[in-house]
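Spelled out, the chains give:
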Amino acid sequence: MDGSFSGLITLPSENAGIFNATVASSSLPGASSREGQPGQGCLVLEQKVNPENNMDIVTKETHLWISAIILAGVVPLLFLVGVPGNILSAAVFYKQGLRERINLCIFCLALVDLIVLSVTFFLLAEKVYRLFVGPSNFFIRYFVGLTSFTWVSMFLSAVIAAERCFCVVSPLRAQRMLSTRTLAVIITTISLLLLAGMMAIAGPKHTEACLFDPQTNRTSLIIYVTEYYLKNKKTLDIIDTFVYATALPATIFLIIIVTTIVTAIKLQSAVNWRQQSSSASGIQPTGSSDKHMVVLTRMLIATSVLFIVCTFPTLVFQVTIFLVPELMNAGRYRNLRDVFWNVIMMFRCVNSSLNFFVYYYMGSRFRQTLKQLLSCKIVNVALSYPVDSISKSGNSN
């Protein structure tokens, strides 16, 4: 029995909403039970709702087909594209120098997106295995806490958008008031707080339970919640649902929208003013440094737009859950909810995978540095090939 993503990305207590535990044990599931009796360490659970509720808008077959297309088709493709893309992006901005504020921010974002993409891919791959093959709860039990890097990625996206806005609106103040070291301290501190908060919620939340059904006399493994979660359910749900799943993403979303709009307007105004000034004086519009800043800012505006497009469905669905109770864990529309979360996870992978292509398409300096990196690698590989083997192969011919 599989769980879907609940909250923003934390994996589910879906089964906690479907069953009531009448006999519980803190031990892990034992061997297969005899027919008619629960095995050692099993939970005897009473169903609160029927998991195969025929009132669901999405049928089980449709749910499986959509899950297969997204989780086994689109997400692996994004993973294969995004992993090398993020590695190359980090390498390029590292080579350009981390003393520049914006290089430091984008370098950190590339590394964090690499983690987000990898963790999401493995969690969803395990979900596909549960849907179509059999029980597998390793990643959801031991690695779900790493989904906290999703919020670090959001935070870094907001920092990049705000930094560009500050530089365009007041470049002299930005240079004087915000040093690279100060920004590094801010990024490190807030990122650690975000990681610690979500790891405390999601890390110890899930466990594997042995489910015994007295009606069918069968035993199966399910994802269930830990005793830690059940004891602190109200507090953890408030932090998870209202803070991490709603307030933080909404705040970051608004910050990025506002700063992106202001940056775009101010940038266009500055470009128009310089063009008019140059036309009147007959001097070239901008120097190479100014031209680079304009290109860089437009490139980062494009990444902000990508973030907005990919994050918007998450916020819409999060609000919809509050308005439509049947989309909750124990509601009738479990298949529909799971389909929505699969789509949201796909958008999250898109956001963590495609920045490289924006950098490459819009950043001339990025392309130049990337070509230098790749050419150096090719030269190093060629030089590392033994000269003797070349001469021998030539003599043999």
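Residues numbered from 1 in each chain as written. Predicted model: local features only at pLDDT ≥ 70, side-chain atom pairs only at ≥ 80, totals over all residues. Heavy atoms only, no water.

We now examine the overall build of the chain. Assigned secondary structure in the chain consists of 13 helices and 4 strands. A total of 397 residues make up the chain; the buried ones form 45% of that total. Residue pairs in contact within the chain that sit at least 24 positions apart in sequence constitute 76% of those at least 6 positions apart. When the accessible surface of the chain is totalled, it reaches about 20400 Å², and 64% of it is carbon and sulfur. (Helix = DSSP H or I, 4+ residues; strand = E, 2+ residues; numbered from the N terminus. Buried < 20%, exposed > 50% of the residue type's maximum accessible area, 1.4 Å probe, protein only. Contact = heavy atoms within 4.5 Å. Areas by Shrake-Rupley, 256 points an atom, 1.4 Å probe, with all protein chains shown as cover.)

On the surface, Ile238, Ile239, Phe242, Val243, Val319, Phe322, Leu323 and Met328 cluster together into a nonpolar patch covering about 700 Å² of accessible area. Breaking the nonpolar patch down by element, the ones donating at least two residues are α8 (233–281) and α9 (288–323). With 4 residues, the top contributor of residues to the nonpolar patch is α8. Along the chain, the position of Val243 falls in helix α8. (Patch = residues over 30% accessible without salt bridge, like charges linked within 9 Å, V, L, I, M, F, W, Y side chains within 5 Å. Salt bridge = Lys/Arg side-chain N within 4 Å of Asp/Glu carboxyl O.)

Here we take up the packing of helix α2 (residues 101–132) against helix α4 (residues 149–169). The interhelical angle for the contact between α2 and α4, taken along N-to-C directions, is 160°, at an axis separation of 9 Å. Our classification of the angle between α2 and α4 gives roughly antiparallel. Handedness of the crossing formed by α2 with α4: left-handed. Between α2, through Arg101, Ile102, Cys105, Ile106, Cys108, Leu109, Val112, Asp113, Ile115 and Val116, and α4, the contact on the second element is made entirely by Phe149, Thr150, Val152, Ser153, Leu156, Ser157, Val159, Ile160, Glu163, Arg164 and Cys167. The class makeup of the residues in the contact of α2 with α4 is 14 nonpolar, 3 polar and 4 charged. (Axes fitted to C-alpha atoms, helices over the stretch in contact; angles between N-to-C directions. Parallel < 35°, antiparallel > 145°, perpendicular 65-115°, else oblique. Left-handed = near helix turned anticlockwise from the far one by under 90°. Nonpolar A, V, L, I, M, F, W, Y, C, P; charged D, E, K, R; others polar.)

Turning to the confidence of the model for the chain, a few remarks are in order. Overall, the predicted model of the chain reaches an average pLDDT of 79, with 75% of residues at or above 70. With pLDDT under 50 throughout, residues 1–39 is counted as low confidence; its partners more than four residues away or in other chains account for 135 contacts. Ignoring residues within four places in sequence, the model shows residues 387–394, a span with pLDDT below 50, making 1 contact including any to other chains. (pLDDT = per-residue confidence, 0-100.)

Taken as a whole, this structure holds 9 salt bridges when the rule is applied. Salt-bridge contacts for Glu163 lead to Arg101; the nearest nitrogen and oxygen are separated by 3.0 Å. Of the two residues, Glu163 sits in helix α4 while Arg101 sits in helix α2, which places them 62 residues apart along the sequence. On the basis of relative accessibility, which here comes to 9%, the residue Arg101 falls in the buried class. The shortest N-O distance in the salt bridge between Arg130 and Glu126 comes to 3.5 Å. With a gap of 4 residues between them, Arg130 and Glu126 both fall in helix α2, about one helical turn apart. Each member of the pair, Arg130 as well as Glu126, is classed as buried. Where salt bridges share partners, they join Arg101, Glu163 and Arg164 into one cluster.

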